[in-house]
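Structural overview for review
What follows is each chain in one-letter form.
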Amino acid sequence: MRVRWLILAVLLCWWFAHTAVIRAQTPGNQASTHTVTARVVQILEEGVTTVGPVTQPYQRLVVELTSGPEKGKRVEITIGVRDLNTAGQRFLPGDRLYVSVSTGPDGSRAYTLLDRDRSTPLAVLAVLFAGAIVALGRWKGLRALLGLGFTFVVLNWVLVPLILRGYPPVPVAIAVSFVVFTVTLFLTHGVGRMSLAAMAGTSVSLLLTGLLAALFSEAAGLTGLADEESSFLQVVLGDRAVSPRGLLLAGMLVGALGVLDDITVSQSSLVFELRRANAALSGWELFSAGVRVGRDHIAATVNTLVLAYAGAALPLLLLFSQLDEPLLWTVNREIVAQEIVQTLVGSLGLIAAVPLTTGFAAWLAVRTPAERVREQLHQHAHQHY
């Protein structure tokens, strides 16, 4: 039954997003470029050249288009001749690529190498990931994969189209986050008091995170244009440009949700497990024990969050380490301050999630007979209290 409801929800989300995109399109805004796949057939020339101050390898390639209206056509493309090839990429016959096809006003076409086609290794990795989850979690692992698929569909077919249509990013992100964690939580863990406690803790913590993010983004004067992707997006959207600060806050909310649900589910499950093991424990005793365990969980999770952001920004950290300026100046740069606000606001949301979720779970657990707790934890059946 849960799977059928999930499929129905996915189809509804796709229909809504597809309708939104169709309505947003007009005949005058059709792109003059499209992307196709291609395969390297022959290397015409290769060597080393200088582009500006950079000495780099270059290649002239003959590729065969493997998709699109010109499938089967062979064209010549270059890499590193006029453009930068700082990564030193080289291609061999048989390598698969993505190529941009641009059509000029006179109908002429230009072909530009975009990137290597990495779909095969990514697909193999995805299969290994899915297999590992199902092998370890079995039916519950399969439900977790379905929840992951639902999350992907909603983010790409609902969140993105709605923001592109001009809806405010923050309310859209909040609404989508609530839908995502509610569906995935109930799908993976079933409908019961344990799930309700986790949902309540996640909801309140997410709202608190959003308030803190808005408050300190405003206080720090963050514009949302610190990285080049945000600036480039405004150029691409043109008249349809969205609020960069709104996008920044929406990103903080979606990013925080990914860690919040882990904390809240763990805390709620812990409290109900304590209730199952010792039905004589009072609500306060359950709360105190849950918070004590939650402290260790928070310490590890916050450190994980900081390391995740630091790892993503490692090239930036290395770049700033080469600048001859005080540390305070580096921290004051918006692109660094933005990461600091995001990390600390997310961490505050995690810290708040422990007592909030533990309190909700303890309140519900003492009102649940131990036998029903045992059934909920170990049978994962639908429960309606």
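Our structure is the block above this text.
So, here is what we can say about the structure in this document. (Residues numbered from 1 in each chain as written. Predicted model: local features only at pLDDT ≥ 70, side-chain atom pairs only at ≥ 80, totals over all residues. Heavy atoms only, no water.)

**What to know about the overall build of the protein chain**
- Looking only at helices and strands, one finds eleven helices and five strands in the protein chain.
- Look at the contacts in the protein chain between residues 6 or more apart in sequence, and 68% of them connect residues 24 or more apart.
- About 21300 Å² of surface is accessible on the protein chain, with carbon and sulfur atoms providing 65% of the total. (Helix = DSSP H or I, 4+ residues; strand = E, 2+ residues; numbered from the N terminus. Contact = heavy atoms within 4.5 Å. Areas by Shrake-Rupley, 256 points an atom, 1.4 Å probe, with all protein chains shown as cover.)

**So, the side chain of Thr184**
- Tracing the backbone through its elements, the reader meets Thr184 in helix 3 (residues 169-189).
- Look at Thr184 and you get buried, because its relative accessible area is 14%.
- A polar contact is formed between the side chain of Thr184 and the backbone oxygen of Phe181, at a distance of 3.4 Å.
- If we skip the residues at most four places from it in the chain, Thr184 touches Gly147, Phe150 and Thr151. (Buried < 20%, exposed > 50% of the residue type's maximum accessible area, 1.4 Å probe, protein only. Polar contact = N/O pair within 3.5 Å; in protein donor to acceptor, adjacent residues only side chain to side chain.)

**Notes on the pairing of strand 2 (residues 54-65)**
- Burial of strand 2 is extensive: nine of the twelve residues sit out of reach of the surface.
- Bridge count between strand 1 (residues 33-51) and strand 2: twelve bridges; the pairing is antiparallel. When the sheet's bridge partners are listed, Ile43 is paired in strand 2 with Leu61.
- As paired elements, strand 2 and strand 3 (residues 74-79) share six bridges and run antiparallel to each other. Bridge pairing in strand 3 links Leu61 to Ile77. (Pairing = 2+ DSSP bridges.)

**Structural notes on the sheet that holds strand 4 (residues 96-103)**
- If you trace the five strands from one edge of the open sheet to the other, you get 3-2-1-4-5, paired in antiparallel fashion. Each edge of the sheet is formed by a strand with only one pairing partner; in this case those strands are strand 3 and strand 5 (109-116). Sheet twist, expressed as the average angle between the axes of neighbouring strands with direction ignored, equals 40°. (Axes fitted to C-alpha atoms, helices over the stretch in contact; angles between N-to-C directions.)

**Quick word on the side chain of Thr37**
- Among the structural elements, Thr37 can be located in strand 1.
- For Thr37, a relative accessible area of 18% gives the class buried.
- A polar contact of 2.7 Å, which involves the side chain of Thr37, links it to the side chain of Thr66.
- Apart from residues no more than four positions distant in its own chain, Thr37 is found in contact with Glu64, Leu65, Thr66, Ser67, Leu97, Tyr98 and Asp117.

**Thoughts on the pairing of strand 4**
- Examined bridge by bridge, strand 1 and strand 4 share seven bridges and lie antiparallel to one another. Bridge pairing in strand 4 links Arg39 to Arg96.
- Note: strand 4 against strand 5, seven bridges, orientation antiparallel. In the sheet register, Thr103 faces strand 5, and the bridge partner there is Arg109.

**Let's talk about the packing of aromatic side chains**
- Counted by the stated rule, this structure contains two aromatic pairs.
- On the numbers, 5.4 Å between centres and 50° between planes, the contact of Phe178 with Phe181 is tilted. Separated by three residues within a single helix, Phe178 and Phe181 lie in helix 3, roughly one turn from each other. (Phe/Tyr/Trp six-rings, centres within 6.5 Å; stacked < 30°, edge-to-face > 60°.)

**Some remarks on helix 5 (residues 228-237)**
- Looking only at helix 5, the buried set comprises Ser230, Gln234 and Leu237. In a view along the axis of helix 5, the buried residues occupy a sector of 75°, so they form one face of it. Along helix 5, exposed side chains directed more than 90 degrees from the buried face belong to Glu228, Glu229, Phe232, Val235 and Val236.
- Each element contacted by the buried residues of helix 5 is listed here: helix 2 (119-164) and helix 6 (244-277). (Arc of directions from axis to C-beta.)

**Examining the packing of helix 6 against helix 7 (residues 283-312)**
- At a closest axis distance of 10 Å, the pairing of helix 6 and helix 7 adopts a crossing angle of 155°. The angle between helix 6 and helix 7 places the two elements in the roughly antiparallel class. In this structure, helix 6 crosses over helix 7, and the sense of that crossing is right-handed. Of the residues in helix 7, those in contact with Val259, Asp262, Ile263, Ser266, Gln267, Leu270, Val271, Leu274 and Arg275 of helix 6 are Leu286, Ala289, Gly290, Val291, Val293, Gly294, His297, Ile298, Thr301 and Leu305.
- Tallied by class, the residues present in the contact of helix 6 with helix 7 amount to eleven nonpolar, six polar and two charged. (Parallel < 35°, antiparallel > 145°, perpendicular 65-115°, else oblique. Left-handed = near helix turned anticlockwise from the far one by under 90°. Nonpolar A, V, L, I, M, F, W, Y, C, P; charged D, E, K, R; others polar.)

**Some details on a nonpolar patch on the surface**
- On the surface, a cluster of nonpolar side chains totalling about 350 Å² of accessible area is made up of Leu327, Val331, Ile340 and Leu344.
- Elements that contribute at least two residues to the nonpolar patch include exactly helix 9 (327-332) and helix 10 (334-365).
- You can see Leu327 is positioned in helix 9. (Patch = residues over 30% accessible without salt bridge, like charges linked within 9 Å, V, L, I, M, F, W, Y side chains within 5 Å. Salt bridge = Lys/Arg side-chain N within 4 Å of Asp/Glu carboxyl O.)

**Remarks on the environment of Arg60**
- Tracing the chain through its elements places Arg60 in strand 2.
- Counting along the chain gives 18 residues from Arg60 to Thr78, while the straight-line C-alpha distance between them is 4.5 Å.
- Contact partners of Arg60, with chain neighbours within four places excluded, come to Gln42, Ile43, Leu44, Glu45, Glu76, Ile77 and Thr78.

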